[in-house]
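Observations on the model geometry
Single-letter residue listing:
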Amino acid sequence: MKCYYLWTIGCQMNDADSRQMAEGLESLGYAATRRPEEADVIVLNTCVVRQSAEDKVYGRLSSLKPIKQKRPEAILALMGCAVEEDTSSLQQRFPYVDLFVRPSDTESLIDFIASHNGTADHWQPASSFQCPVSCYVPVMYGCDHLCTYCIVRLRRGRQRSKRPAEIVDEVQCLVERRTREVTLLGQNVDAYGHDLPDQPTLAVLLEAVHEIDGLWRLRFLTSHPADMANELIEAVADLPKVCEYLEIPIQSGDDKILKRMLRRYTIAQYRELVAKIRERIPKVALATDVIVGFPGETEKQFMNTCDLLREIRFDVVHVAAYSPRPGTAACRLPDDVPPQEKERRRKAVEELQKQIAGEINALLLRQAVEVLVEERHKGKWRGRTRTNKLVFFEDERDWRGKLARVQITWTGPWSMQGSPV
Ligand code: SF4
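None of these values were measured; they are calculated from a predicted model.

1. Brief notes about the overall build of the protein chain
Assigned secondary structure in the protein chain consists of 13 helices and 18 strands. For the protein chain, whose C-alpha radius of gyration is 22 Å, the value lies close to the compact-globule estimate of 22 Å for 421 residues. Dimensions of the protein chain, computed from the C-alpha atoms along their principal axes, are close to 60 × 55 × 45 Å. The proportion of buried residues among the 421 residues of the protein chain is 42%. Partitioning the contacts of the protein chain with sequence separation of at least 6, the portion at a separation of at least 24 is 72%.

2. Here's the deal with the sheet that holds strand S6 (residues 134-138)
One open sheet holds the three strands; their spatial order is S6-S9-S10, and the pairing between them is parallel. Here the strands that pair on one side only, and so sit at the sheet edges, are S6 and strand S10 (217-221). For this sheet, the mean inter-axis angle between neighbouring strands, taken without regard to orientation, is 25 degrees. With five bridges joining them, S6 and strand S9 (residues 181-185) adopt parallel strand pairing. Looking across to S9, one finds that Val137 is bridged to Leu184. Helix H7 (residues 164-176) rests against S6 and S9 of the sheet, and its axis sits at about 160 degrees to S6.

3. Comments concerning the site of the ligand
The environment of the ligand is formed by Cys143, His145, Cys147, Cys150, Val152, Arg153, Gln187, Asn188 and His224. Within the shell around the ligand, the residues separate by chemical class into four nonpolar, four polar and one charged.

4. Concerning the sheet that holds strand S16 (residues 390-393)
The strand order around the closed barrel built from five strands is S14-S15-S16-S18-S17, with neighbouring strands paired in mixed fashion. Adjacent strand axes in the sheet meet at a mean angle of 50 degrees, parallel and antiparallel pairs treated alike.

5. Let's talk about unusual backbone geometry
The amide bond that connects Leu221 to the next residue, Thr222, takes the cis arrangement and shows omega of 5 degrees. Along the chain, the position of Thr222 falls in the loop between S10 and helix H9 (230-238). Backbone geometry at Arg178 places phi at a positive 80 degrees, although glycine is not the residue there. If you trace the backbone, Arg178 turns up in the loop between H7 and S9. With 14 C-beta atoms packed within 10 Å, Arg178 lands in the partly exposed category. With phi around 70 degrees, Asn388 is a residue other than glycine that occupies positive phi space. Looking at the secondary structure, you find Asn388 in the loop between strand S15 (380-384) and S16. Take Asn388: there are 18 C-beta atoms within 10 Å of it, and that puts it in the partly exposed class.

6. Examining helix H5 (residues 106-117)
Taking 1.5 Å of rise per residue, 12 residues should cover 16 Å, and H5 covers 17 Å from first to last C-alpha, within 8% of that figure. Against the buried residues of H5 lie helix H1 (12-27), strand S3 (41-46), strand S4 (75-80) and strand S5 (99-101). Gly118 sits one or two residues past H5 and shows a positive phi near 75 degrees.

7. Here's the deal with the environment of Arg366
For Arg366, the location among the structural elements is in the loop between helix H13 (339-362) and strand S14 (368-377). C-alpha of Arg366 to C-alpha of Ala74: the two residues are 292 residues apart in sequence and 53 Å apart in space. In this view, Arg366 contacts Gln407 and Ile408; residues no more than four positions away in its chain are not counted.

8. Re the domain arrangement of the protein chain
According to the domain assignment, the protein chain consists of domain 1 (3-117), domain 2 (131-243) and domain 3 (368-420). Across the boundary between the two partners, domain 1 contributes 11 residues, which contact 12 residues of domain 2. Here the residues of the side of domain 1 that touches domain 2 sort into six nonpolar, two polar and three charged.

9. Observations regarding the pairing of strand S18 (residues 416-420)
Here S16 pairs with S18 via three bridges, running parallel. What sits directly across from Phe392, in S18, is Gln417. Pairing of strand S17 (residues 403-411) with S18, which is carried by five bridges, proceeds in the antiparallel orientation. The residue bridging Gln407 from the neighbouring strand is Ser419, located in S18. Counting the residues in the hairpin turn of S17 and S18 gives four residues.

10. Side note on the packing of helix H8 (residues 202-210) against H9
Axis separation between H8 and H9 bottoms out at 8 Å; the angle between their running directions is 25 degrees. In terms of orientation, H8 lies roughly parallel with respect to H9. The segment H8 lies against H9, with Leu202, Ala203, Leu206 and Glu207 engaging Glu231, Leu232 and Ala235. Across the contact of H8 with H9, the residue classes tally to five nonpolar, no polar and two charged.

11. Concerning the packing of H7 against H8
Relative to each other, H7 and H8 sit at 35 degrees, their axes nearing to 10 Å. Two packed elements cross with a definite hand, and for H7 against H8 that hand is right-handed. For the pair H7 and H8, contact is made by Pro164, Ile167, Val168 and Val171 and by Leu205, Ala208 and Val209, respectively. Looking at the contact of H7 with H8 residue by residue, the class counts come to seven nonpolar, no polar and no charged.

Criteria and cut-off values
Residues numbered from 1 in each chain as written. Predicted model: local features only at pLDDT ≥ 70, side-chain atom pairs only at ≥ 80, totals over all residues. Helix = DSSP H or I, 4+ residues; strand = E, 2+ residues; numbered from the N terminus. Rg over C-alpha atoms; globule rule 2.2 N^0.38 Å. Buried ≥ 20, exposed ≤ 12 C-beta atoms within 10 Å, placed from the backbone. Contact = placed C-beta atoms within 7 Å. Pairing = 2+ DSSP bridges. Axes fitted to C-alpha atoms, helices over the stretch in contact; angles between N-to-C directions. Near = placed C-beta within 6 Å. Nonpolar A, V, L, I, M, F, W, Y, C, P; charged D, E, K, R; others polar. Expected span 1.5 Å × (residues − 1). Domains from an automatic or database assignment. Parallel < 35°, antiparallel > 145°, perpendicular 65-115°, else oblique. Left-handed = near helix turned anticlockwise from the far one by under 90°.

Printed below as a string of structure tokens:
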């Protein structure tokens, strides 16, 4: 049997694209393998959001060269944000790569493989493909913001939303194959529909997807603080399937840095937004992203970020050290925070958040929570609460794709454990 090997790093959008790719390849008769040396198709789905991710991609690609030399008939494809519109420099650097595929263009990749094999031009989803219990569904690609540090918008282009009917069909199809939770994805999902002729909003889309029988939970990410409309907050509050969990990147706790990042909101506006959300959705869990060591960030400005994290007390903080990305506006600013200092700030935020998240999660001790169980891992069932808390429990029964009431017996900053009641 022909095999494919798929390697994915980066954001949830890449995870969604890889799932779609796996489905397409399986519909063409390929089976998944964990061993690239035996694969007939090798795809690296890449991320270059930070230098560390880019280094991993090129390291992985170089390690595949001997495999490709040994088996030149295997197809090697590079996909995702590492692939610019003009691929000439990539072609020169990696002549052994057969195909360069722009981010999210899974259809081109599948078409290429289908025509290479002499099979149908267009693939049909494999009905046997087992969809995850919780699935990401891209609803739009690209972004119209101009955040100065961001390479994603350069690689993924202007915002392009899918039509609501297409998304509803896609979710319906997933639900028929036992998906119970979907997360609607966009680089800036709050701006969903602004580019479509009748400008449907994300709130309208949530209402439409909410109608699907057999779908139990609905989420969306990633939000932009300047685009989160009241109508959307109302939809989260009113639609029972929409989970009380929002990811709203703050990036910095200092107005001057936010201005330099061209984020288009102030700390005061962000505070106001959080207050509004918490008033309307009292049990909401909030996640955010933070970049430390942005050009010119002083110790005082960094402390402003820490103070804001202490004040808002997010459930989750994804923190990254700034790294200049080629072609971005911030890349022209002096990268003047030394690497060791960036790392110190990154670790300080991690430590602070570890403490805050530990305290927030400890409030769930001895409480019974609803967990949508996704899979069994190392003998333990693993799932998430509506507020996206990761819960593990042991039980002999088959819980995959079911809702379990779990009494929490242990909590930590990143996960918790319990037993079904
Ligand atoms: S909102 Fe800003 S950071 Fe997010 S994808 Fe768009 S430009 Fe990049």
